[in-house]
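One letter stands for each residue in the lines below.
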Amino acid sequence: MHQLTTPREDQPLFTAVTSLGDADLAVEVLELRVKNEQLSQALVSRAVIDQARGMVMVLAPCSSERAWDLLVEVSQRCNVKLRDVAAALAATTKGQELPEAIRREWRRALRRLHALERR
């Protein structure tokens, strides 16, 4: 997980709250910060995934649901997080190449998609 705050930044808050004698409050504050960081990361990831999904819809072409399925399929077959597959695909718009494993699985996934459409 990508941390937005460091343990050192949490320490003064934790010390201040625990010095007041309310350890439960300190734990709750730290848990809420972790949840907040996770939600922030999820929002960033979702935007990249949606961008990649749109790219797949245009390039394949396919429906939104099929684009999602293709992203998930490539992610699982490469054993790479969905957000990382999406980020790699989105990075191609800036001149970066897809990593070989992802490129290979995209080719396979697209061949399977087109084979299904021919039936």
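Below: a short report on this structure. (Residues numbered from 1 in each chain as written. Predicted model: local features only at pLDDT ≥ 70, side-chain atom pairs only at ≥ 80, totals over all residues. Heavy atoms only, no water.)

### Here's the deal with the pattern of salt bridges
Item 1. By the definition in use, this model includes 7 salt bridges.
Item 2. Glu97 is paired through a salt bridge with Arg103; the nearest N and O atoms lie 3.7 Å apart.
Item 3. Here Glu100 and Arg104 are joined by a salt bridge, their closest N and O atoms 3.9 Å apart. Taken together, the positions of Glu100 and Arg104, both in helix H5 (residues 100-118) and 4 residues apart, correspond to about one turn of that helix.
Item 4. With relative accessibility at 41%, the residue Glu100 sits in the partly exposed group. (Salt bridge = Lys/Arg side-chain N within 4 Å of Asp/Glu carboxyl O. Helix = DSSP H or I, 4+ residues; strand = E, 2+ residues; numbered from the N terminus. Buried < 20%, exposed > 50% of the residue type's maximum accessible area, 1.4 Å probe, protein only.)

### A closer look at helix H3 (residues 64-78)
Item 1. With 15 residues, H3 should cover 21 Å at 1.5 Å per step; its first-to-last C-alpha distance of 21 Å lies within 8% of that length.
Item 2. For H3, the complete set of buried residues consists of Ala67, Leu70, Leu71, Glu73, Val74, Ser75 and Cys78.
Item 3. Buried residues belonging to H3 abut helix H2 (23-59), helix H4 (82-91) and H5.
Item 4. Positive backbone phi, at 60 degrees, marks Asn79, one or two positions downstream of H3. (Expected span 1.5 Å × (residues − 1). Contact = heavy atoms within 4.5 Å.)

### A look at a negative patch on the surface
Item 1. A contiguous patch of negative charge, built from Asp22, Asp24, Glu28 and Glu31, is present on the exposed surface.
Item 2. Asp24 sits in the exposed class, given a relative accessible area of 63%. (Patch = residues over 30% accessible without salt bridge, like charges linked within 9 Å, V, L, I, M, F, W, Y side chains within 5 Å. Areas by Shrake-Rupley, 256 points an atom, 1.4 Å probe, with all protein chains shown as cover. Lys, Arg positive; Asp, Glu negative; His and termini not counted. Charge placed at Lys NZ, Arg CZ, Asp CG, Glu CD.)

### Focus: the packing of H3 against H4
The relative placement of two packed helices is expressed as an angle between their axes plus a distance between the axes.
Item 1. Following both chains from N to C, one finds H3 and H4 inclined at 110 degrees, their axes separated by 9 Å at the closest point. Classified by the angle between their axes, H3 and H4 sit roughly perpendicular to one another. Residues Trp68, Leu71, Val72, Val74 and Ser75 of H3 pack against Leu82, Val85 and Leu89 of H4.
Item 2. Per-class residue counts for the contact of H3 with H4 are 7 nonpolar, 1 polar and no charged. (Axes fitted to C-alpha atoms, helices over the stretch in contact; angles between N-to-C directions. Parallel < 35°, antiparallel > 145°, perpendicular 65-115°, else oblique. Nonpolar A, V, L, I, M, F, W, Y, C, P; charged D, E, K, R; others polar.)

### Some points on the nonpolar core
Item 1. Val56, Leu71, Leu89, Ile102 and Trp106 are the most contacted members of the largest nonpolar core, which totals 21 residues.
Item 2. Counting residues per element, the ones that place at least two in this core are H2, H3, H4 and H5.
Item 3. If sequence neighbours within four positions are ignored, Ile102 has contacts with Val74, Cys78, Val85 and Ala88. (Core = buried A, V, L, I, M, F, W, Y, C linked by side-chain atoms within 4.5 Å.)

### Description of the environment of Asp22
Item 1. You can see Asp22 is positioned in the loop between helix H1 (7-19) and H2.
Item 2. Its relative accessible area of 34% is what places Asp22 among the partly exposed residues.
Item 3. In this structure the side chain of Asp22 is engaged in a polar contact, spanning 3.2 Å, whose partner is the backbone nitrogen of Leu25. (Polar contact = N/O pair within 3.5 Å; in protein donor to acceptor, adjacent residues only side chain to side chain.)

### Quick look at the side chain of Glu105
Item 1. On the secondary structure map, Glu105 appears in helix H5.
Item 2. Excluding its chain neighbours within four sequence positions, the residues that come into contact with Glu105 are Val74, Arg77, Cys78 and Arg112.

These values are about where atoms sit, not about what they do.
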